[in-house]
Amino acid sequence: MKLSEIKNHLKNLETIAFQLPNGELVPTHFHVTEVGKVTKNFIDCGGTVRNEEVANFQLWEANDYDHRLHPEKLVHIIELSEEKLQIPDLEIEVEYQMKETIGKFDLDFDGTNFQLKSKLTDCLAKDKCGIPEEKPKVKIGEWKPKQTSCCTPESGCC
């Protein structure tokens, strides 16, 4: 989800809720402690130089149960960040403190809740790094012999 998309969703909401991949909701007393731009410059395993940028939101829970972030306040924070940090309409990455480490998530919206979607690592240079493509796995009994020509020497069609 891009910054423009979250702002559009927020303008139609009365409350904000973030849902973790396991279905649990982030506690309602969360705060968005940071909105920023993260730039990652790197070389992949195939030797290609890459540059990625995302808008980063950091969600944090405190023992402050009396204050809840309202949609219009988050829109204001996003717009201020776009202006002051010159953030273009980037994809959003969300950081959230998990039990033992910080989780990083992609963001989606289901019409009610913002969905924190698990991120996965991947090789960006599969064609250069030498890892063979995974062959399809076939269960015994589902294997079908390779189709051959319908014309055989004894059929008389040749």
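Above this text is the structure in question.
Given the structure is predicted, the values throughout are model-derived calculations rather than measurements. (Residues numbered from 1 in each chain as written. Predicted model: local features only at pLDDT ≥ 70, side-chain atom pairs only at ≥ 80, totals over all residues. Heavy atoms only, no water.)

A. Broad picture of the sheet that holds strand S1 (residues 18-19). As summarised here, the arrangement of the six strands in space is S1-S6-S5-S4-S3-S2, forming an open sheet in which the pairing is mixed. Here the strands that pair on one side only, and so sit at the sheet edges, are S1 and strand S2 (30-43). Set on the sheet, helix H2 (residues 71-85) makes contact with S2 and strand S3 (49-61); between it and S2 the angle comes to about 35°. (Pairing = 2+ DSSP bridges. Helix = DSSP H or I, 4+ residues; strand = E, 2+ residues; numbered from the N terminus. Contact = heavy atoms within 4.5 Å. Axes fitted to C-alpha atoms, helices over the stretch in contact; angles between N-to-C directions.)

B. The arrangement of the packing of aromatic side chains in detail. Here the structure, examined in full by the defined rule, presents three aromatic pairs. Between Phe 109 and Phe 114 the ring centres are 4.7 Å apart and the planes differ by 45°, which places this aromatic pair in the tilted class. Assigned by exposure class, Phe 109 and Phe 114 land together as buried. Connected via pairs of aromatic rings, a cluster forms that spans Phe 18, Phe 30, Phe 109 and Phe 114. Of note, Lys 40 hangs over the ring of Phe 42, and the distance from its end group to the ring centre comes to 4.8 Å. (Phe/Tyr/Trp six-rings, centres within 6.5 Å; stacked < 30°, edge-to-face > 60°. Buried < 20%, exposed > 50% of the residue type's maximum accessible area, 1.4 Å probe, protein only. Lys NZ or Arg CZ within 6 Å of the ring centre and 35° of its normal.)

C. Summary view of a negative patch on the surface. Taken together, the side chains of Glu 5, Asp 89, Glu 91, Asp 108 and Asp 110 define an acidic patch exposed on the protein surface. When you line up the elements, Glu 5 lands in helix H1 (residues 3-10). (Patch = residues over 30% accessible without salt bridge, like charges linked within 9 Å, V, L, I, M, F, W, Y side chains within 5 Å. Areas by Shrake-Rupley, 256 points an atom, 1.4 Å probe, with all protein chains shown as cover. Salt bridge = Lys/Arg side-chain N within 4 Å of Asp/Glu carboxyl O. Lys, Arg positive; Asp, Glu negative; His and termini not counted. Charge placed at Lys NZ, Arg CZ, Asp CG, Glu CD.)

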